[in-house]
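Chain residues, written in single-letter form:
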Amino acid sequence: TSEMSVTRSNIERRVCEAIRPAFCRKFLLMVLVLFCATARLYADAGIASDHSMSERAAAERALMQGQIDEAVARAQRLAMADPQDGQAYLLLCRSFYAEGHEDEAIGACTRATKALPRSSEAQDWLGKAIGMKAEHAGPISGLGLALKVRAAFESAVSLDPRNGDAMNELGE
């Protein structure tokens, strides 16, 4: 029985030595593949996110410095890269508004409000853009636009009662 026990121990040891490395190699390989795939997904998302964040910041800077063409170009690139990027359309809206391009501003603001339905800021800028058009409209079309302006500002205030700009515009 002692011999049998030694033989059995040797067999078990050899089987374990043969099975463990093969199992461990397969398991480690699987873990490594999953880790690499996951890391790649996060890296790709991070790169895209970092790029769009820096592009958005550059567009915002350009707008604040009065470089409207640069702001528009950057915001358009952001919107083309992600058609659901409401912030890009909001940047476009503000840029077009700064240049006095009322129809383009209204179009960009409308897209921003659709992509950001809970954004008081987007509604506020939509009201401003429509208001700019209403200032240059005749009395009949101006009245219809004025009603849209009021609706946009009311929506902005209902979404965020602390939106002082929208409150002021609504009071005018």
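Parameters and conventions
- Residues numbered from 1 in each chain as written.
- Predicted model: local features only at pLDDT ≥ 70, side-chain atom pairs only at ≥ 80, totals over all residues.
- Heavy atoms only, no water.
- Helix = DSSP H or I, 4+ residues; strand = E, 2+ residues; numbered from the N terminus.
- Buried < 20%, exposed > 50% of the residue type's maximum accessible area, 1.4 Å probe, protein only.
- Contact = heavy atoms within 4.5 Å.
- Areas by Shrake-Rupley, 256 points an atom, 1.4 Å probe, with all protein chains shown as cover.
- Axes fitted to C-alpha atoms, helices over the stretch in contact; angles between N-to-C directions.
- Parallel < 35°, antiparallel > 145°, perpendicular 65-115°, else oblique.
- Left-handed = near helix turned anticlockwise from the far one by under 90°.
- Disulfide = S-S within 2.5 Å.
- Phe/Tyr/Trp six-rings, centres within 6.5 Å; stacked < 30°, edge-to-face > 60°.
- Lys NZ or Arg CZ within 6 Å of the ring centre and 35° of its normal.
- Core = buried A, V, L, I, M, F, W, Y, C linked by side-chain atoms within 4.5 Å.
- Expected span 1.5 Å × (residues − 1).
- Arc of directions from axis to C-beta.
- Salt bridge = Lys/Arg side-chain N within 4 Å of Asp/Glu carboxyl O.

Describing the overall build of the protein chain
Here is step 1: For the protein chain, the count of helices and strands is seven helices and zero strands.
Here is step 2: Secondary structure elements of the protein chain occur, N-terminal to C-terminal, as α-α-α-α-α-α-α.
Here is step 3: When the 172 residues of the protein chain are sorted by exposure, 30% land in the buried category.
Here is step 4: Contacts spanning at least 24 positions in sequence make up 50% of the contacts within the protein chain whose residues lie at least 6 apart.
Here is step 5: Accessible surface for the protein chain amounts to roughly 11500 Å². Of this, 60% is attributable to carbon and sulfur atoms.

Considering the packing of helix H3 (residues 86-99) against helix H4 (residues 102-115)
Here is step 1: Two numbers describe how H3 lies on H4: the axes approach to 8 Å, and their chain directions differ by 155 degrees. The angle between H3 and H4 falls in the class roughly antiparallel. Like other packed secondary-structure pairs, H3 and H4 cross with a definite hand, here left-handed. Packed against H3, whose contacting residues are Gly-86, Tyr-89, Leu-90, Leu-92, Cys-93, Phe-96 and Tyr-97, the element H4 presents Glu-104, Ala-105, Ala-108, Cys-109, Arg-111, Ala-112 and Ala-115 at the interface.

Brief notes about the state of the cysteines
Here is step 1: Scanning the entire structure with this criterion turns up one disulfide.
Here is step 2: Linked covalently through their sulfurs, Cys-93 and Cys-109 form a disulfide whose S-S length is 1.6 Å. On the criterion of sequence distance, the pair formed by Cys-93 in helix H3 and Cys-109 in helix H4 is long-range, its members being 16 residues apart. Like Cys-93, the residue Cys-109 is buried in the burial classification.

Focus on the packing of aromatic side chains
Here is step 1: Counted according to the given criterion, the structure contains one aromatic pair.
Here is step 2: Aromatic side chains Tyr-97 and Trp-125 sit 5.3 Å apart centroid to centroid with 80 degrees between the ring planes, which places their arrangement in the edge-to-face category. Of this pair, Tyr-97 sits in helix H3 while Trp-125 sits in helix H5 (residues 120-135), and the two are 28 residues apart along the sequence.
Here is step 3: On the basis of relative accessible area, Tyr-97 is assigned to the partly exposed category, the value being 30%.
Here is step 4: Positioned over the ring face of Trp-125 is Lys-128, at 4.2 Å from the centre of the ring.

Some details on the nonpolar core
Here is step 1: By size, the foremost hydrophobic cluster in this structure holds 35 residues, and its most contacted members are Leu-92, Phe-96, Cys-109, Leu-126 and Ile-130.
Here is step 2: The set of elements that each furnish at least two residues to this core consists of helix H1 (2-64), helix H2 (68-81), H3, H4, H5 and helix H6 (139-159).
Here is step 3: If we skip the residues at most four places from it in the chain, Leu-92 touches Val-72, Ala-75, Gln-76, Ala-79 and Ala-108.

Quick notes on H2
Here is step 1: For H2, with 14 residues, the first-to-last C-alpha span of 20 Å sits near the 20 Å given by 1.5 Å per residue.
Here is step 2: Restricting attention to buried positions, one finds in H2 the residues Ile-68, Ala-71, Val-72, Ala-75, Leu-78 and Ala-79. Around the axis of H2, the buried residues are gathered within 130 degrees of arc, so they sit on the same side. For H2, exposure combined with an orientation more than 90 degrees from the buried face picks out Asp-69, Met-80 and Ala-81.

Here's the deal with the pattern of salt bridges
Here is step 1: Applying the stated criterion across every chain yields a total of 10 salt bridges.
Here is step 2: With a shortest N-O distance of 3.6 Å, Lys-128 and Asp-124 are connected by a salt bridge. With a gap of four residues between them, Lys-128 and Asp-124 both fall in helix H5, about one helical turn apart. Like Asp-124, Lys-128 is buried.
Here is step 3: With a closest N to O distance of 3.4 Å, Arg-162 and Asp-160 form a salt bridge.
Here is step 4: When its relative accessible area of 74% is taken as the criterion, Arg-162 is described as exposed.

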